[in-house]
Structure formats: structure tokens, C-alpha cells
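Listed here are the chains, written in short residue letters.
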Amino acid sequence: MGLTHPFLDPVSTTKPGPKNLITDVPGVTVGQVTYQDGTHNTGVTVIKPTPDNVFQNKVPAAAHVINGFGKSTGLVQVQELGTLEPPIVLTNTFAVGTAETALVKALMADNPDIGVTTGTVNPVIMECNDGDINAIRDIFVTEADVTQALATTSTSFEEGTVGAGVGMSCYDLKGGIGSASRVINIDGKPFTMGALVLSNYGFLRDLNIYNEPVGAKLAALQDAEKAKENGSIITIIATDIPFNSRQLTRISKRASVGITRTGAFIGNGSGEIVLAFSTANRISHYPKTELTTQAAISDDKFDRYFRMTVSVVEEAILSVLTHATTVTDRKGQPRQSLRDAIDHYLTVTPDAALERLKQQLGI
């Protein structure tokens, strides 16, 4: 479940959906496989955009690279054609090839025409480097893990130290998977936007939550900090609002504002990549007519959707931090959760502001 704190959102007037997860967008499901044994702390997270065959009936999509220190696949075609045709797979950096092969095999099994009477398929795999916590050189994730995640997607899923997020860090605390949603009324009808993040970036001293300099306080108890920003964050935005691919590009760009509101500066070695899709309009792989008509939002009404994007991305990141649990990394060192780090700080320094923040975040 997403955050359940009293609603705190100075950016947008929109409210969370029922689960406060990306799966509040009708048809979107998420599946995960998790490994956590002290050495292998890694996994797979899959996002299915629709319950039916998305290769046969694609969805409008856009990819935006905020900082391109990453090893993702499939984004070039998304940018060129403006459509998404497979489920999205998130995993660690060295599992990208394995995940790509598994996803292609799954898509071929569902679509016997691929590579025979029609073209190939564009697998979309996105990654972050979990090598600080996970023994990444073992290339532990298998094709079977991806297949299992694809087969077990649901509208309910766990956040924090799960799936692709098991070995990730966020602001030098434990990171991972986080999600949130927002509901908006358009012409009297409800529509939803959801975000899911794979969060693995940031300096502790920079962490800011609801304008409280949490990170600076926690960092004061540390002897040293890392020298470079080598993390990443992958952001997936889903919606049933009828945006076209050009508009989804504009939405994707605003994800960076949600990321930086928590304190990030988007470092040189950080891979910040956003993929957004809308389920409102479908694009047939075998269109019956040459001319098509699609609904779209008027561009001069877009400010509230930009605000909505910033809000849902910011909260998805906070949801990572509130759900993640302390783990022991591959070197035997603890990677503290936000909850444990604040609790430790409060045993040393009483702080009413951090006590209030714990209550606001429900941790």
C-alpha cells in the first residue's frame, strides 16, 4: 500500500487513489520476484500496462532521459514511434540482457506472428545498479524470474525492499520500490495518474521531506559520506488520461521536479530515466483503416497535470523511504531504513520536528 499519512501536498490539489499505487490506474498490474539472502539482494519488478495483449494493441508512450548514465533497452523506439508494446521490466544493471531475452520469449509465446509474418518486438528493460548491496557480478537473476514476475502481476503489490528494489539505496538509506497515485476530474469524470519508482540515488545530507532538512540532521551522525553520486532512479508514470505521446513527453519532463523536491541534484553518474504511458487510446498492430482518431487533452489546460505529476512522483519516492527496511549489504554492513535512522538520531538528539515527521509519514 502507498503512504497512508494525512494528505500533505503543497503542489497539487489532487487526492490519492484507493491504494495510492500505480495500479489505481485501471488495467495496470505489477509483479515482482525478490531475492534477499545476504549475498544476493536483488530481483525483478514488472509493470503490465493493460490486461490484454499490449503488442497487438499498443499504448501511447514517451521516454525522457534526465541524465543518461544508464543501460536501459527499448527507449529509442519508444521515443521514435511514441508507443509502448511490451510490459516494462525493472531489474539490476547486469540482469538487463537476461531480462530482455525472457521478455522477448514471453512476447513471442503470446504472439506467434512476431518475427514470422510481422516484425520483431521492442523489449523495454530499465535498470539501476544494486552492486553496493547485491553481489551483482554473480548475475543471479534468471529468465525464470522474469517469467514468474510476468505471470503473477496483480493490482496489489509490496513496496520498499522488494523486487528490483531489494539492493537499492536512496539518499544513502535503504531504497527500493515506491508508488503513489492521484485522481483528477475531467469534464465531470474521474481519471487517475500513478507513478512507480526504482529509487537508488542521492546524498543523505540533501534529503528533504516536507521542507524538513531530515538528511542534514541524520548526516551529522556520520563520520564520512560517499565521494560521488553514482545512483539512479527509474520513474514509470501510468495514466488513463488521454494524453498523446507528445503530451506524455511533457509530462515525463516534470518528473524531474518531483525527484528534486526531495533533495536530489541529478549527479553526473546518475541514471535518471522516465517512461510514461496512457491507456486511454490504443494503437492496433493491424489497423483496419489508415485514418484514426484519438482523444487528447487541450494543451492550455496542462498546468494542473504538471502539478499532478510532480506530486505523484515526489510521493512515490517518499513511499520508498517509508516502506524500505534495514538490510545487511554484501560486505556485512547495515543499510539503514529511514525509520531506523530517525529512531537512532532521536536517541542521541531529541527533535520535535522529526517526531512530527514520523507521525506524518506513518513510520
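Reading guide: rules and limits
Residues numbered from 1 in each chain as written. Predicted model: local features only at pLDDT ≥ 70, side-chain atom pairs only at ≥ 80, totals over all residues. Heavy atoms only, no water. Buried < 20%, exposed > 50% of the residue type's maximum accessible area, 1.4 Å probe, protein only. Helix = DSSP H or I, 4+ residues; strand = E, 2+ residues; numbered from the N terminus. Pairing = 2+ DSSP bridges. Right-handed = clockwise from strand over helix to strand, strands pointing away. Axes fitted to C-alpha atoms, helices over the stretch in contact; angles between N-to-C directions.

Q: Give a detailed account of the pairing of strand β5 (residues 88-92), specifying residues and quantitative values.
A: With five of its five residues buried, β5 lies for the most part within the structure. Here strand β2 (residues 41-48) runs beside β5; their pairing, made up of three bridges, is antiparallel. Within β5, the position partnered with Val-46 by the bridge is Val-89. In this sheet, strand β6 (residues 124-128) lies alongside β5 in parallel orientation, the contact comprising five bridges. Considered in β6, the bridge of Leu-90 is made with Met-126. Read from β5 through helix α2 (residues 96-110) to β6, the crossover connection turns out right-handed.

Q: Break down the sheet that holds strand β1 (residues 29-36) for me, citing the residues and quoting the values.
A: Strands sit in the order β1-β2-β5-β6 across an open sheet of four strands; the sheet is mixed. Where the open sheet ends on each side, the last strands, each with one partner, are β1 and β6. Geometrically, the sheet is characterised by an average inter-axis angle of 15° between neighbouring strands, direction not taken into account. In this structure, β1 lies alongside β2, joined through eight bridges in antiparallel fashion. Opposite Thr-34, over in β2, you have Gly-43 as the bridge partner.

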